Amino acid sequence: MSLLEGQDLCRKYQLSGQDPVWALRDVSCRMEAGSWTTIAGPSGSGKSSLLALLAALDRPTSGKVLVGGENISFATDVVQARYRRNRIGIVFQEYQLLEQLSALENVAMPLLVTNMKGKTRRERARQLLAAVGLEARAAHLPRQLSGGERQRVALARALVHDPDILFADEPTSNIDQKAARQVLDILHGVKDRGRTLVIVSHDPQMLVPADQVLTLEDGRLVS
Amino acid sequence: MQKHCNLFVEAIRSLLRNRGRSGVVLFCLLGVLLPFVTAMAVAQGVRYQSSFSINSGADLYIAREQYGRNGPVSLQLIKKIENLSGVTRVVPRIVGRTYLGEDLVVVVGVDEMKTLPGLNTMAPGPGQAFVGKSLAEKADLAKGNEFHFGLFPALPFTVVQLLSPALSLWSSSMIVINFHDAEQLFKRPGYASELLVYCRPGTADSIAERLSSIGKPWEMVPPLRIQTKKLVKQYVGRGFDIQSGLFAMLYVTAFGLAIPALLILSGFGRGIRRREIGILKATGWQTLDVLEVTCMENLFLALTGSSLAILLAVIWLKLCNGIGIAPLFISGSGWIPDFPIPARFMPMPALLSFLFGLSLTMVGTIIPTWRAAVTPPLTTMN
């Protein structure tokens, strides 16, 4: 049984007064534990929509996502939130950091809803920040950080609860070459620890280490 | 448990982080709660003073029936009442209104100052008057001045004492004269507007019962109107209840109007809030976790809002003497009262103001928060 599986996933967006837009049509995919999957394709091909469905950030119009054999696409809000909290970590394209919180607080945020005490929580967040090379920037607000640094804070937040699967949406798209290299190194480290990676990217650097590349075009899986 | 502690701390930090939004909501809460707490404190203060007056007053108040109202009662009745067992003393009193210059003033004619709560001095002698301080200021009277009531230049009075407004709410705007002078002034010699009957403890009801037989048809006089202390308390209490009830009803209406206003105001920063909720949900927070933090924030806002409202109400009433709110509860007092406004801060209005505040903030935030929390995070984040 695969760790993560998408079966006949379709996602339709209905905008008022307009024809429906099919972001995904009958996409099926499978990710094994400890593998690196890169989802590639041109802009608007449905890469981020597929990631959102696999990460239970959105619900498919039809089809299902199985995690360890359990269908989470139409599970309750509670089950989906538990899945996001315990099994996965997500890095968003636009970082999605809370602007009023420091880097350390942003990283520790997912741990607030666990039974971890404040000191332990901060210690764990500090370790993660150190792992992504940002220990010295712990007290900085997101607006005081560069794009690459924000991306690494987002990575630290996604990894703070040690998830089985890491989803990353265009993790190197908005940052310079040096920062992209650092992010890639971190992702390699995650893979080396036996975690599963699902990366949305059109960066060729992300295709090389992948065990599997899913190419989407116009909402369909082409290879 | 640790999780709830974490969320509790997070709620406080969130309020401090979002100072602008918290400030706007607190400001709205104060706008709604401050008049309520202040008005309730004044109402309770007046009620307490009335209750004190009744408690320290006579056991029975006797007047004659006159078209369903209190009418003058003959002084000949005093002997009859004094002979009833249990009666310790009977004091006649005249309370009326007449003109002082162009103003109608309350004149009390009495020979025992003890019958007026808080006034334990000797009663004024013939031709002497005790004048309430604020009335004296208004009429430009000082100790030693001579004056007469509008239509009675032949009956002059000398101001021998100014009654401090601190004694009781009513003393600052009345004139106390000798009972005999009052008989002359109101041209009803041999009559009082009421007889104050003081009894031995536990005998008032039976004395009232015996008195009620005086004035039966065979007596050929109008029946007596007998009010016991208990009855007066009930009347006064009911009066205040109606007044407070009316105020509460008006307030509930205003409260109802405040909800949409607060809903609009709480939209201040809602876009950012919605995105935050999306991010929290995406990083594993449950809908209940988000709602718990929101409830805790509201709890703090309501607690802070009601505490601040009480503090400001204390300042408003004790330091600013209830400028602008006194006439709503004390007839005859101006917008800037010239006597100390009685005020009492009781636990129930404080609790009510907290509950008002909590329900206002809850109505303003809980539904939008819940809606954002149950929407897929992808939608709320973007």
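A few points on the structure. Per chain, the residues get numbers from 1 upward, laid out in the order the sequence is written. Ligands are numbered from 1 and chains lettered from A, in the order in which they are written. It should be noted that, the model being predicted, local features are given only for residues of pLDDT at least 70 and side-chain atom pairs only at 80 or more, the latter also being counted only at that level, while totals for whole chains, interfaces and linings use all residues. By convention in this description, side-chain values take in all heavy atoms of the structure and omit both hydrogens and water.

Here's the deal with the sheet that holds strand 5 (residues 70–71) of chain A
Residue and element names in this part refer to chain A. Short version of the rule: Strand pairing requires that DSSP identify at least two bridges connecting the strands. Numbering goes from the N terminus for both helices and strands, where a helix is a DSSP run of H or I of at least four residues and a strand is a run of E of at least two. Only heavy atoms matter for contacts: two residues are in contact if any of them lie within 4.5 Å across the pair. Angular values range over 0 to 180 degrees, each being the angle between N-to-C directions of two axes fitted as lines to C-alpha atoms, with helices fitted over their stretch in contact.
In space, the four strands of this open sheet follow the order 2-1-4-5, with antiparallel pairing throughout. The open sheet has two edge strands, strand 2 (21–31) and strand 5, and neither has a second partner. Inspection of the sheet shows strand 1 (residues 4–13) paired to strand 4 (residues 62–67) by five bridges, in the antiparallel sense. Residue Gly6 lies in a different strand from strand 4, and its bridge partner there is Val65. Across the sheet, helix 1 (residues 47–54) touches strand 1, strand 2 and strand 4, and the angle it forms with strand 2 is around 60°.

A few points about empty space enclosed by the protein
Gaps left between atoms are located by rolling a probe of water-molecule size over the structure's atoms. We count it as follows: Grid points spaced at 1 Å over the protein atoms alone were grouped into cavities, where a 1.4 Å probe fits but cannot get out, and pockets, open sets with protein on both sides within 12 Å along at least five of seven lines, with lining residues defined by an atom within 4 Å of a point. Grid points are joined across faces, edges and corners, and a volume is the space filled by probe spheres set on the points. Asp, Glu, Lys and Arg are counted as charged, while Ala, Val, Leu, Ile, Met, Phe, Trp, Tyr, Cys and Pro are counted as nonpolar; the rest, among them Gly, fall into the polar class.
Counted by the stated rule, this structure contains two cavities of 30 Å³ or more. Looking at the largest cavity, its volume works out to about 190 Å³. Taken together, 17 residues line the largest cavity, and the ones lying closest to its centre are Glu10, Ser14, Arg273, Glu276 and Leu280 of chain B. Those elements giving two or more residues to the lining of the largest cavity turn out to be helix 1 (2–17), helix 8 (270–282) and helix 9 (287–319) of chain B. Among the residues forming the lining of the largest cavity, the class breakdown is eight nonpolar, four polar and five charged. Here the second largest cavity defines a volume of roughly 60 Å³. Taken together, Arg84, Ile88, Gly89, Ile90, Pro110, Arg157, Ala158 and His161 of chain A together with Ala282 and Thr283 of chain B make up the full set of residues lining the second largest cavity. Every element with two or more residues in the lining of the second largest cavity is listed here: strand 6 (88–91) and helix 5 (147–159) of chain A. Tallying contributions element by element places strand 6 of chain A first for the lining of the second largest cavity, with three residues.

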